[in-house]
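# Observations on the three-dimensional arrangement
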Amino acid sequence: MYIHKKKCHPFFFLFCYRLAPKSVKDLEQFVKDFYEGLPSTAVICISLLGHAYTSLLQELLLYPSSIHACMLLSRLNSENQPIVLLLPLDSVSEEVSEDAAPNDENARACQELRQRMNSGKRWHCPWGSTVVDIVAPAFKVILEENFMTSSGCPLEDTKSTRSLWWMIRKKVDHQLGKLLSNLEDSWLGPWRHVLLGDCLDCESLNKEHKKLVQDLKSKCGMVDVNESYLKLVLGAAKFGIEETCLSKQCLQKGCYIGMLEHHTEENCGSNGGNNVSASASRLIREAVNEIHWEDTIFREPIILVLDLDVQMLPWESMPILRQQEVYRMPSVGSISMMRSRYHELVPLIDPSDAFYLLNPSGDLKSTQAEFENWFRDQNFEGRAGTMPTAEELATALKSHDLYLYLGHGSGEQYLSIDEIQRLEKCAATMLMGCSSGSLRLSGCYVPRGVSLSYIRAGSPVTVANLWEVTDKDIDRFGKAVLNAWLRERTDLADCSECNQPMKESGAIKMRRGRKVDSKKKLASSNLVETTDKGSLKNVREHRPTIGSFVGRARDTCTLPFLNGAAPVCYGVPTGIIRKRQL
C-alpha cells in the first residue's frame, strides 16, 4: 500500500510502524538508540500471548494444557537494566452471580428490574473478541451489566425502583472490584510489585541496595546481579517478599520464565538449580529489615504500554496500582516522540487557562447546574448548553492549556477525529463522557479512539473513561480532580523553591530525567511557562504531576469501581504551573 507522507499526520507512522535496521550489523546501534530514547520513568509493556503462541509455549516449556494464555511483561527505562517476565495465566472464570435465593423477594424484584432494563439498548463490545474473553470472561459480562443498568430504558422514579437499582449497581461494582483483585492475585501473584514506580528520595533504600549488591557479588559469587530488579524488590518490601521472587533466575539478567505454583515440577518442567543460596536470601532479608521507611512512600509515575488484547482492562484500579500514578501510551515509540516534541522536558499546563464545553446537547441539566457557575467563578472560557462550531473548538484547543468536555460520549460529534489530528498543537484534555477513552478495534488494524487522536495532536495528557458512567458520580470525580489541580496551582505561589527562576545559562532537569539545554527552541508548544528573561522555569521533583490526582479522586465516587475505575490517563507525566499573566 502506498501512503503519501505529506497527507498524513506525522504521528500516523509512529503508531503504525516500528522501523528495523537494514542489516544485522546495525542492530547494536538500533538497540542502543532505542534505550537512549526511553524516559527515566518506568515504561511497563504488557502483552497477552494466546492461541498459537500458547500452544508453542506449552510445547517448549512443558506447561499443562490448562494454560490458555501467557503474559509477557517488560519493564524498561533509560537508567536501569530491563526486567522481562513471561508468566502463564490461570483463567479467572468467576462469573457475575445471581441475586441470592429464588425465594428472596429482593432477588426476584432485582431480576425483574434487570429484564425491563435489558429490553432497551444493546451493548456493543468495542474490542470484539480477544484472549481476555478466555482468561477473564467475567469482565465482559460485568461491562454489559454496567451498560444495561446505566444506559437502559427509562424507569419509573419511585422509592422502591431506586432502591432496587442501587442494589444492582452496588453488587456489580463489588464484583468488578473483586475481579480486579482476583486478576492481580492469579495473573501477577508475587510479581505484582513489578508494576510499581521506583521509590523517590529514600536514602535508606539507596544505601542498603548499594551494600546488598556488593555483598551478593563478594560473599555469594553472584557476579551478574540484576541491580534494577533487586532495588525494585527492596522498594516493595512493605508488600512482602515471596521466595519465588528471590530465585537466581530473576536476580540475574535475562528473562524470568514463571511457573504456576499449583502445578508440580513434573508438569511444569524441572526448576532445579534455580533456588538462590541460603546466604543470598539471608542477605536480602537483612537488607529489607535495615531499611527505614517513612509513613508515606513517594513513587515515580509509570507509563503502561498495553497491547490490543489487554488495553480495555482497568489496570490502574488493581489493588497494587490504586494509589500509583499511572499513564497510558499506545507504543514505546509514541513516548519517544512525545519526549522529542517537548525537547525532553516535562510538559507543563496551567489548569486556570481552560476552555470548557458543558452539556452541549442540552439534556444533562444536573451536570450543567453543578459546573456552570463554578466554571465562571474560575474565569474559565467556554460554552454551556449550546453546541459549538468545529472551528471554535479547534481554536480553543490550540490556544488554551486545558480543554474540559462534560457531555455525552467523547465530543467527537463536535470535532471529528480527523480534525483533531490535523491540529499542530493541542491542550491537555479531560473528557468525562461515556466511553470517551474506549478504543475501537478492527481486526489487525491500529485501534481508533478520540483519546489517541488528542495524544497524536500533541496533547500531553488526556483523562477519559474506558466505559459507560453515570453523571452524578463522574461529576464528583471530575470536580475532585479539577479542584486538586487548581489547589496545586495555588500552592505553587507559596513554594519558595518553585519560585526561584533559573539562570539563563543553566540547564533544566526533566522531572526525574536527564539535563538538557534550556535554550532549545520551544515555539511548537504553548504549554510551557517562561520567566521574564525567557528561560524556562524548573519543574521541581517534589511537586505532584497531573496523573497523581486522578487516582486519589476515584474514591470520591459512590461506586469506586464501576464509575471510579473508568477514568484513565493517556499521555505522559505533566506538571502544573502558574502563569504570571493569569
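Just so we're clear, the structure is a prediction, and the values are computed from it rather than from any experiment. Residue positions within a chain follow its written sequence, with the count starting from 1. With the structure being a predicted model, the display of local features is reserved for residues of pLDDT at least 70 and the display and counting of side-chain atom pairs for 80 or more, all residues being used for whole-chain, interface and lining totals. The side-chain values count all of the structure's non-hydrogen atoms but skip hydrogen atoms and water molecules.

## Observations concerning the overall build of the chain
Note the cut-off: The numbering of helices and of strands both runs from the N terminus, where a helix is a DSSP run of H or I of at least 4 residues and a strand a run of E of at least 2. Relative accessible area decides the class of each residue, using a 1.4 Å probe on protein chains only: under 20% of the type maximum gives buried, over 50% gives exposed, and in between gives partly exposed. Between two residues, a contact is recorded if the distance between any of their heavy atoms is within 4.5 Å. Computed by Shrake-Rupley with a 1.4 Å probe, the accessible areas treat only the displayed protein chains as cover when residues are assessed.
Each helix and strand counted, the chain has 19 helices and 16 strands in total. Of all 582 residues assigned to the chain, the portion counted as buried reaches 55%. Sequence-distant contacts, at least 24 apart, represent 80% of the contacts inside the chain between residues at least 6 apart. Accessible surface for the chain amounts to roughly 26800 Å². Of this, 50% is attributable to carbon and sulfur atoms.

## As for the pairing of strand β3 (residues 83-89)
In summary, the side chains of a regular strand alternate between the two faces of the sheet. The line we're drawing: In this scheme, strands are said to pair when DSSP sees at least two bridges between them.
Here β3 lies mainly inside the structure; six of its seven residues are buried. Here strand β2 (residues 69-76) folds back onto β3, and the loop between the two strands holds six residues.

## Looking at the confidence of the model for the chain
Counted only if it meets this: Per-residue confidence from the prediction method is given by pLDDT, with values spanning 0 to 100.
In this model, the chain carries a mean pLDDT of 81, and residues with pLDDT of at least 70 account for 79%. Predicted confidence is poor over residues 502-540, with pLDDT under 50, and the contacts of this stretch with residues over four places away or in other chains come to 99 contacts.

## Remarks on unusual backbone geometry
A positive phi angle, close to 55°, is found at H51, a residue other than glycine. Unlike most non-glycine residues, S435 shows phi in positive territory, near 55°.

## Observations concerning the pattern of salt bridges
Selection criterion: By definition, a salt bridge exists where a carboxyl oxygen of Asp or Glu is found within 4 Å of a side-chain nitrogen of Lys or Arg.
Under the counting rule described, the total for this entry stands at 18 salt bridges. The residue R192 makes a salt bridge to D185 at a minimum N-O spacing of 2.6 Å. Its relative accessible area of 17% is what places R192 among the buried residues. D185 sits in the partly exposed class, given a relative accessible area of 42%. We note a salt bridge from D401 to K579, for which the minimum N-O separation is 3.4 Å. Of the two residues, D401 sits in the loop between α15 (390-399) and β10 (402-406) while K579 sits in the segment after β16 (575-576), which places them 178 residues apart along the sequence. Judged by relative accessible area, D401 falls into the buried class, the value being 0%. For K579, a relative accessible area of 10% corresponds to the buried category. Counted as one network, the salt bridges with shared partners bring together E184, D185 and R192.

## Focus: helix α14 (residues 365-377)
Put simply, the test is: A helix's residues, less one, multiplied by 1.5 Å, set its expected span. A residue's bend is simply the angle between two axes: one fitted to the seven residues ending at it, one to the seven starting at it.
The end-to-end C-alpha separation of α14 is 19 Å, in line with the 18 Å expected for 13 residues at 1.5 Å each. At F371, α14 is deflected by roughly 25°, the largest bend along its length. Restricting attention to buried positions, one finds in α14 the residues T367, Q368, F371, E372, W374 and F375. Buried residues in α14 make contact with β8 (354-358), β9 (381-384), β10 and α18 (471-492).

## Digging into the nonpolar core
Applied cut-off: In this text, buried Ala, Val, Leu, Ile, Met, Phe, Trp, Tyr and Cys residues form a nonpolar core when linked through side-chain atoms within 4.5 Å.
By size, the foremost hydrophobic cluster in this structure holds 133 residues, and its most contacted members are I46, W187, W315, F375, L404, F477 and W485. Tallying contributions element by element places helix α7 (residues 159-188) first for this core, with 10 residues. I46 has contacts with M71, L72, L73, L195, L304, V305, L306, D307, V310 and W315, leaving out every residue within four places of it along the chain. One finds L397, L423, A427 and V450 within the second-largest nonpolar core, a separate group that totals 21 residues.

## Thoughts on the packing of helix α8 (residues 203-219) against helix α12 (residues 278-290)
For any two helices packed against each other, the geometry is given by the interaxial angle and the distance between the axes. Cut-off, in case you're wondering: Orientation is described by lines fitted to C-alpha atoms, with helices fitted over the stretch in contact, and by angles between N-to-C directions that extend from 0 to 180 degrees. In this scheme, roughly parallel covers angles under 35 degrees and roughly antiparallel covers those over 145, while 65 to 115 is roughly perpendicular and the rest are oblique. Put simply, a crossing is left-handed when the front helix is turned counterclockwise from the back one by less than a right angle, and right-handed when it is turned clockwise. Gly counts as polar in this scheme, as do all residues outside two lists: the nonpolar Ala, Val, Leu, Ile, Met, Phe, Trp, Tyr, Cys and Pro, and the charged Asp, Glu, Lys and Arg.
Put simply, α8 and α12 touch, their axes get as near as 10 Å, and they point 165° apart. Of the possible angle classes, the one that applies to α8 and α12 is roughly antiparallel. Helix-helix and strand crossings are classified by hand; for α8 and α12 the assignment is right-handed. Contact residues: α8 offers S204, E208, L212, D215, L216 and K219, while α12 offers A280, L283, I284, A287 and E290. Classifying every residue of the contact of α8 with α12 by side-chain character gives six nonpolar, one polar and four charged.

## Overview of the packing of aromatic side chains
Applicable threshold: The rule is short: rings of Phe, Tyr and Trp, with Trp giving its six-membered ring, pair when the centres are within 6.5 Å, and they are stacked under 30 degrees, edge-to-face over 60, tilted in between.
Summed over all chains, the structure comprises 13 aromatic pairs. Their ring planes at 85° and their centres at 5.2 Å tell us that F34 and Y35 sit as a pair that is edge-to-face. Accessibility expressed as a relative area gives 25% for F34, which makes it partly exposed. A ring pair is formed by Y403 and Y454, whose centres lie 6.4 Å apart and whose planes are at 40°; its orientation type is tilted. Note that Y403 is positioned in strand β10 and Y454 in helix α17 (residues 450-456), a separation of 51 residues in sequence.

## Here's the deal with a nonpolar patch on the surface
This is how the line gets drawn: Each patch is assembled from residues with relative accessible area greater than 30% and no salt bridge, linking like charges that lie within 9 Å and nonpolar side chains (Val, Leu, Ile, Met, Phe, Trp, Tyr) that lie within 5 Å.
On the surface, a cluster of nonpolar side chains totalling about 270 Å² of accessible area is made up of V24, L27 and V31. Here L27 lies in helix α2 (residues 27-36).

## Here's the deal with the environment of H408
Operational definition: For the purposes of these results, a polar contact is taken to be a pair of N or O atoms within 3.5 Å, where, inside protein, one atom must be able to donate a hydrogen and its partner to accept one; residues adjacent in sequence count only when each atom of the pair is a side-chain atom.
With respect to the secondary-structure elements, H408 resides in the loop between β10 and α16 (417-421). You can call H408 partly exposed: its relative accessible area is 37%. Spatially, the C-alpha atoms of H408 and G433 are 4.8 Å apart, while their sequence positions differ by 25 residues. Ignoring anything within four residues of it in the chain, the contact list for H408 reads S361, D363, L364, Q413 and G433. Among the polar contacts made by the side chain of H408, one reaches the side chain of D363 at a distance of 3.0 Å.

## Looking at α7
Between the first and last C-alpha of α7 there are 43 Å, a value that for 30 residues agrees with the 44 Å anticipated at 1.5 Å per step. Following α7 by one or two positions, G189 has its phi on the positive side, about 55°.

## A few points about the packing of α8 against helix α9 (residues 227-235)
Contact geometry for α8 and α9: axes closest at 10 Å, N-to-C directions at 130°. Between α8 and α9, the crossing angle belongs to the class labelled oblique. For the element pair α8 and α9, the recorded crossing hand is right-handed. Residues L205, N206, H209, L212, V213, L216 and K217 of α8 form the contact with α9, whose participating residues are E227, L230, K231, L234 and G235.

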